[in-house]
There are 2 protein chains.
Amino acid sequence: MAAFQSLLLSLLLFCLIYEAVSQSVLRFPSYRNDDDLFCGSWRLSVETNNAGNWMSVPSRCWSYVEEYMNGGKYFSDSEIAASDSLAFAQSIEIGDNGKDAWIFDIDETLVSNLPYYQLHGYGSENFDEFSFNKWVELGQAPALPASLKLYKKVKQMGFKVFLLTGRSEYQRSATVKNLVSAGYSDWERLILRGISDEGESATVFKSKKRSELVEEGYRIHGNSGDQWSDLLGFAVAERSFKLPNPIYFIP
Amino acid sequence: MAAFQSLLLSLLLFCLIYEAVSQSVLRFPSYRNDDDLFCGSWRLSVETNNAGNWMSVPSRCWSYVEEYMNGGKYFSDSEIAASDSLAFAQSIEIGDNGKDAWIFDIDETLVSNLPYYQLHGYGSENFDEFSFNKWVELGQAPALPASLKLYKKVKQMGFKVFLLTGRSEYQRSATVKNLVSAGYSDWERLILRGISDEGESATVFKSKKRSELVEEGYRIHGNSGDQWSDLLGFAVAERSFKLPNPIYFIP
């Protein structure tokens, strides 16, 4: 009986010690790893535009960004962005003159270039325009699921949808082919960079194009983009929705 | 000897099972726990202003917010926000007419009301103005460490510092006492809500006050605040810096 009691006691002691040790390692794993803590804060600074112009993902965050993009967080963040957008869209009373507009950016907004960046280091490599343009020409970027759902819903509600992208006019046919194969259709206008727009920052180019829409009488209610240069400047939308993108920055 | 072997075996088995059970809960908490995934995305939507007007922390995120505030992430996020701000401040060439300005909000920007919210459910309780104002009268909110460092540095660089807060004039002396005991000094002006400002949204009140500074000839380079209503509207700063706050929203 004494042996049984001492067995029980040993078991209890051992497991208490085990629990104490394992909790001290595991309780707050994300806080024990300085890189995770730093990279979470770095990502927030990028997404809030506190970071301003940034050139590349800090090297200590390369694996963090890879995990972020593939591990579920990226898709979750995109979904909440889309549900915020939808809640706002549903609050708008659509007029009968066909002038209620919603703007979408394309790359990392309607379609995802994740398959490209999975082969090119998730923002850890210098941007290779030649190689990226070859990927664009393939027209195989998949839809970002949350954006595709949002796109269909705002169209159903009666918004006129404008696609405003930093892609160039010479990429129009590849872009249309890609959009269609990703499930998009019936946009009002696809606005790409013409020759006279080359050299302008995305902020200026997109603001000018939004101004033209306002001059045509459109009320720009919502604007969805993964870059602050999609959203800021002048003639900004009533509400702007920042989609996540920790891979690259466009001024 | 056989008893000893069976004791060892029991211990081993028990602990293997224990480890299996505890790891299935703890290995990737952020990806295995839907609440963590959702709440991380919810926090991003709040910090990017995608969420727009929000009333309270979703109940499934109460413990997430508590852990965020106390577990290191909040302070890390504040520090990166301050270092982004400092990098921008250092890029400004300060003129010799004393008109280069930086604006700071007070609550959750210069000082932290975390000790209050630790006793009031981290945003899970309805805001109790009476109880919060009693806390403000105590004047015991500690400095947010990253903001105190930033404050001292921008002052050293020659910025004129304006404190622009939604607190009311009747709270001036408690506010000054609190700021001083938290380590702040030598601001140019402390701007609180006067009687004629009551009833205005923070966005409008703060925009009007910024406008007055612009009319006085100040160049508002930087603006630090934990609410988008500190930062948006008109007469906005050249660069705005969003400090984290997942506890409450002020329109």
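Every value quoted in this text rests on a predicted model; they were computed, and no experiment measured them. (Residues numbered from 1 in each chain as written. Chains lettered and ligands numbered in written order. Predicted model: local features only at pLDDT ≥ 70, side-chain atom pairs only at ≥ 80, totals over all residues. Heavy atoms only, no water.)

Asks: Quick one: what's the story with the overall build of chain A, residue by residue and with numbers?
Replies: Regarding its fold elements, chain A presents 11 helices and five strands. Across the 251 residues that make up chain A, the buried fraction comes to 49%. Considering only residue pairs separated by 6 or more positions, chain A has 70% of its internal contacts joining residues 24 or more positions apart. (Helix = DSSP H or I, 4+ residues; strand = E, 2+ residues; numbered from the N terminus. Buried < 20%, exposed > 50% of the residue type's maximum accessible area, 1.4 Å probe, protein only. Contact = heavy atoms within 4.5 Å.)

Asks: Can you tell me about the pairing of strand β1 (residues 100–104) of chain B, naming the residues and giving the values?
Replies: Residue and element names in this part refer to chain B. Counted residue by residue, β1 has five buried out of five residues, so it is predominantly covered. Here β1 shows two buried faces, one formed by D100, W102 and F104 and the other by A101 and I103. In terms of strand pairing, β1 meets strand β4 (residues 219–225) through five bridges, oriented parallel. By the bridge assignment, A101 is partnered in β4 with I220. Sheet topology places β1 next to strand β2 (residues 160–168); four bridges connect them, and they run parallel. Looking across to β2, one finds that A101 is bridged to K160. (Pairing = 2+ DSSP bridges.)

Asks: How would you summarise helix α3 (residues 34–47) of chain A if you had to cite specific residues and measurements?
Replies: With 14 residues, α3(A) should cover 20 Å at 1.5 Å per step; its first-to-last C-alpha distance of 20 Å lies within 8% of that length. Downstream of α3(A) by one or two residues, A:N49 has phi in the positive range, about 75 degrees. (Expected span 1.5 Å × (residues − 1).)

Asks: Hey, could you go over the side chain of B:S168 for me, with residue numbers and the actual values?
Replies: All names here are of chain B. Looking at where S168 falls in the secondary structure, it is placed in strand β2. According to the relative accessible area criterion, S168 is buried, its value standing at 10%. Here E198 takes part through its side chain, which lies 3.2 Å from a polar atom of the side chain of S168. Residues in contact with S168, not counting those within four places in the same chain, are L192, R193 and E198. (Polar contact = N/O pair within 3.5 Å; in protein donor to acceptor, adjacent residues only side chain to side chain.)

Asks: Account for unusual backbone geometry, naming residues and giving values.
Replies: Notably, A:N49 is not glycine yet its phi reads approximately 75 degrees, a positive angle. Note on placement: A:N49 falls in the loop between α3 and α4 (62–70). A positive phi is found at B:A235, a non-glycine position, where the angle reads about 50 degrees. You can see B:A235 is positioned in the loop between α11 (228–231) and β5 (239–242). Of the residues examined, B:A235 reaches a relative accessible area of 24% and is grouped as partly exposed.

Asks: Talk me through the packing of helix α5 (residues 73–90) of chain A against helix α8 (residues 145–157) of chain A; I want residue IDs and the actual numbers.
Replies: Residue and element names in this part refer to chain A. Where α5 contacts α8, the axes come no closer than 8 Å and their chain directions differ by 10 degrees. In terms of orientation, α5 and α8 fall into the roughly parallel class. Every residue of α8 that contacts α5 at F75, S78, E79, A82, S85, L86, A89 and Q90 is listed here: P145, A146, K149, L150, K153, V154 and M157. Looking at the contact of α5 with α8 residue by residue, the class counts come to nine nonpolar, three polar and three charged. (Axes fitted to C-alpha atoms, helices over the stretch in contact; angles between N-to-C directions. Parallel < 35°, antiparallel > 145°, perpendicular 65-115°, else oblique. Nonpolar A, V, L, I, M, F, W, Y, C, P; charged D, E, K, R; others polar.)

Asks: Could you give an account of the environment of B:L213, with specific residues and numbers?
Replies: Along the chain, B:L213 turns up in helix α10 (residues 202–215). Taking the C-alpha atoms as reference points, B:L213 and B:L148, 65 residues apart in sequence, are found 23 Å from one another.

Asks: Residues and numbers for the sheet that holds strand β3 (residues 189–193) of chain A, please.
Replies: All names here are of chain A. What the five strands build is an open sheet, ordered β3-β2-β1-β4-β5; its pairing is parallel. Where the open sheet ends on each side, the last strands, each with one partner, are β3 and β5 (239–242). Strand-to-strand twist in this sheet, taken as the mean axis angle between neighbours without regard to direction, amounts to 20 degrees. The strands that α5 touches are β1 (100–104), β4 (219–225) and β5; relative to β5, the one it contacts most, it runs at about 165 degrees.

Asks: Run through α5(A), naming residues and quoting values.
Replies: A rise of 1.5 Å per residue sets the reference length of α5(A), with its 18 residues, at 26 Å; its end C-alpha atoms lie 26 Å apart and thus fit the reference within 8%. Looking only at α5(A), the buried set comprises A:Y74, A:S76, A:D77, A:S78, A:I80, A:A81, A:A82, A:D84, A:S85, A:L86, A:F88 and A:A89.

Asks: Lay out the side chain of B:S76 with the relevant residues and their values.
Replies: With respect to the helices and strands, B:S76 occurs in helix α5 (residues 73–90). Residues contacting B:S76, with those up to four places away along its chain left out, are A:L37 and A:S41.

Asks: Report on the sheet that holds β2(B), specifying residues and quantitative values.
Replies: All names here are of chain B. Here we have five strands laid out as an open sheet, ordered β3-β2-β1-β4-β5, and parallel in their pairing. Bordering the open sheet on either side are β3 (189–193) and β5, each of which pairs with just one other strand. Within this sheet the neighbouring strands show an average axis-to-axis angle of 20 degrees, counted without direction. With respect to the sheet, α5 is in contact with β1, β4 and β5, its orientation differing from that of β5 by roughly 165 degrees.

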